[in-house]
Amino acid sequence: MKKLLALIAAALMMAPTVCHADEGMWIPMLLGRNQAAMQKAGMHITAQDIYDINKASLKDAVLLFGGGCTGEFVSDEGLVLTNHHCGYSYIVKHSTVEHDYLTNGFWAMSREQEIPCPGLTVTRLVYMQDVTKEVLDGVNADMSESERETVIENNIKAVGDKAVEGTHYRYVIKPFYYGNQYFMYVNEVFTDVRLVGAPPSNIGKFGGDTDNWMWPRHTGDFSMFRVYVDGDNKPAAYSKDNVPYRPLKHLEISLKGVDEGDFTFVFGYPGTTRRYVTHDYVDMAANQENPVRIALRTIRLDHYNAAMRQSAGQRLKYASRVASIANGWKKWQGESLGIDRLHGVEQKIAQEEQFRKWAVDKPQYRDVLDQMEDNYAKLREVEMEWVYFSEAVLASDFMQRAYRLYRMMNLTGEQLEAAAAKMLDDSHKYFEDFEQHSPIDKSIFTECFIYMWSHGYAPYLNKKCSTAGDVEKLLNRYYDNNIINNPKKLEKLLTLPADKLHKKLIDELPAKDLDLIGVAYSYTYSSAKRQQYNDADDNIQRLMRTYIKGMMEQYPDSNFFPDANLTLRVAYGHVEGFKPKDATYYTAYSTIDGIMEKENPDVYDYRVEPRLKELWQKKDYGHYANKKGELPVAFIATNHTTGGNSGSPVLNADGQLVGINFDRCWEGTMSDLLFDPAYCRNISLDIRYCLFIIDKYAGARHLVDEMTLVEQ
Ligand code: ARG
Ligand code: GLU
């Protein structure tokens, strides 16, 4: 151990830059600082071509898609590309048994066929600005965190309101480096967005959860939308008179593709990273939280997957919930393994040792890490309660429904009536297949509670139980006799006049049907625990602000990228394969041949569309094939990305679109905390496969004709 620490420390001394090559999600406005490095890495364009406020630049083509994905303009008539999994819920919403767009795909053959998607917005950044001085005006070192927050909140409102006054723009102001810096984003939000095209699921989701987070990958993960505006080219609510938006900039598409070693950059909206946290956080995530989350989700997934194997109906019923449960489940496994492989905790400790040495004569920094450790100790005492509440207590539909009813306690009058009516409505649907679903739900409920109890996180069951068998009996009885699972009694309850319902929710149910959820909730969210958590967390945020400021002084020549916070960023790197394990090397791109290798009519995730197979047999790839005559499907590169980067344009050295980002390789999913250039790879859909599907497979050539293709 000592030797290892010394080794890591030595490595850090040699490379005091803290960040690795290819690591980082950079601020577009400040990209001038990266320009030399980007050009050295192969980029032909300038930072100003990427972000400019005086003339149209690439940033005008990049969009926040909905609330958590990225999209990009690819035509001068407002055509937007994003991932299939980002458009998923809108494709599902418009799918019926007769028109199952999710399964069969959807292609608008004319503008009239494009489908409005109420609620969907896309957001374009108009400009950004450093507003640190204005936001921190009046803040001083003697203030408490909450006083500081109040001053900042008021300043933010004043600065933001002034910036958008008299315009149709909206603003967002966000802290960077834990509040050492603030940037304002002035945005244009488009509210009439229509579905234009989506491939069938066995193209757009090919490989499903089996291949999710994995390389080699063959998922055609894209969908298309169009932004509509009023006659002045301005955002407007849906109207049939709206017209396609004419963007300031749309991306050119390169048909040249990319080769191993080529420069690429990803331009989009990464959600959250925690690059600068201390060893406590890394240890807590990798060794304390992830294993519990994974174990509890395994229980759920085992039951749902078994059900999905039973019938097509059950598969449809559970597909989307399994997709979301499995997404985190699989990512956390990769993350913990990656942290372990990198000796992440030891690496952080070694880094902290360097800091301590450096800070020894600097009173403002000297104690920061000791204080951080004290606060983490307090935080870690209660942290797991929240993990258990979300992953175990609320694992079953039964408990989620009980929790919903339990929270109605806080409502009265019309609000309570509306909530009760909504719950009744949802319950009708729920009970429709209760007979088939409830054995699964009941098993999940009991198994997750037993797991939690046996790990000491449900001590309230000890009064009545001393063995797992006792717990199981108790839970079974509770499930079978609960009003939540009794359609008649529940209907009677939910149709009571508000005052009577309120009385029952307060006086009667907490001691009976809502007993367990009430006890579990009060146990987890006791005010003492909440206080302990909030205090520790506030302190950690404050200490992080000081710690990162110190590190910047410690390494004045390093360029520290700010953690992702769902603002527009640029990550750059190059196309590169990697070695995931001994005696295995992954090359950098996949082809349609791999789809046919994976084909298996018996495995849902690996069914192949007959028409796709036909095109493959004829090698009818048009000008979408590469020089070798292969049809590329996806490629990997060293760009640093995270959740939210889904749908992000992947651009080449000339700033032309070559791919759409959609995932990361499993072995490198620790990159939210620790980046390792040997393992961290983003996965992109090759734009040529996307165009091939639109043009050759779907026959929607008119959409490709709208785009600006560059052959050479
Ligand atoms: N892993 C990708 C991301 O984090 C894709 C998720 C959607 N696909 C799925 N099979 N669950 O978002
Ligand atoms: N699929 C992720 C998303 O929806 C991107 C993968 C990642 O986390 O890098 O944003």
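Rules used in this analysis
- Residues numbered from 1 in each chain as written.
- Chains lettered and ligands numbered in written order.
- Predicted model: local features only at pLDDT ≥ 70, side-chain atom pairs only at ≥ 80, totals over all residues.
- Heavy atoms only, no water.
- 1 Å grid on protein atoms, 1.4 Å probe; cavity = no way out; pocket = protein on both sides within 12 Å on 5 of 7 lines; lining within 4 Å.
- Points joined across faces, edges and corners; volume = space filled by probe spheres on them.
- Nonpolar A, V, L, I, M, F, W, Y, C, P; charged D, E, K, R; others polar.
- Near = heavy atom within 4 Å.
- Polar contact = N/O pair within 3.5 Å; in protein donor to acceptor, adjacent residues only side chain to side chain.
- Helix = DSSP H or I, 4+ residues; strand = E, 2+ residues; numbered from the N terminus.
- Phe/Tyr/Trp six-rings, centres within 6.5 Å; stacked < 30°, edge-to-face > 60°.
- Axes fitted to C-alpha atoms, helices over the stretch in contact; angles between N-to-C directions.
- Parallel < 35°, antiparallel > 145°, perpendicular 65-115°, else oblique.
- Contact = heavy atoms within 4.5 Å.

Draft legend 1. Structural context of empty space enclosed by the protein. For the structure shown, the criterion picks out three cavities of 30 Å³ or more. A volume near 80 Å³ is recorded for the largest cavity. Residues of the lining of the largest cavity, tallied by class, amount to eight nonpolar, two polar and one charged.

Draft legend 2. The arrangement of the site of ligand 1 in detail. Taken together, H85, G208, D209, N212, W213, A323, N327, F662 and D663 make up the full set of residues near ligand 1. Between ligand 1 and the protein, one listed contact pairs a nitrogen atom with a side-chain N or O atom of N327 at 2.9 Å. At 2.9 Å, a side-chain N or O of D663 approaches a nitrogen atom of ligand 1. Broken down by secondary-structure element, the contributors of at least two residues to the shell around ligand 1 are α9 (208-211), α11 (312-341) and β20 (657-664). A breakdown of the residues in the shell around ligand 1 according to their chemical character gives three nonpolar, four polar and two charged.

Draft legend 3. Geometry of the packing of aromatic side chains. Taken as a whole and assessed by the stated rule, the structure comprises 39 aromatic pairs. Pairing Y621 with F692 gives two aromatic rings, centres 6.0 Å apart and planes at 80 degrees, and the pair type is edge-to-face. A residue pair is termed long-range when its members are at least 10 positions apart, and Y621 in the loop between α24 (610-617) and β18 (632-637) and F692 in helix α25 (residues 687-697) qualify at 71 residues. Among the aromatic residues, those joined into a ring-pair cluster are W386, F389, Y403, Y406, Y521, Y525 and Y533.

Draft legend 4. Up close: the layout of surface pockets. There is about 1,300 Å³ of room inside the second largest pocket. Lining the second largest pocket are 36 residues, with M308, R315, L316, A319 and Y604 positioned closest to its centre. For the lining of the second largest pocket, the elements supplying multiple residues, two or more each, are α4 (84-93), α5 (101-104), α8 (201-204), α9, α10 (279-310) and α11. The element best represented in the lining of the second largest pocket is α11, accounting for eleven residues.

Draft legend 5. Local environment of the packing of helix α15 (residues 397-407) against helix α17 (residues 434-454). Remark: α15 packs on α17, axes separated minimally by 8 Å, with the N-to-C direction vectors making an angle of 80 degrees. It follows that α15 is roughly perpendicular to α17 by the angle criterion. Residues D397, F398 and M399 of α15 form the contact with α17, whose own contacting residues are H437, D441, F445 and F449. Class assignment for the residues of the contact of α15 with α17 results in four nonpolar, one polar and two charged.

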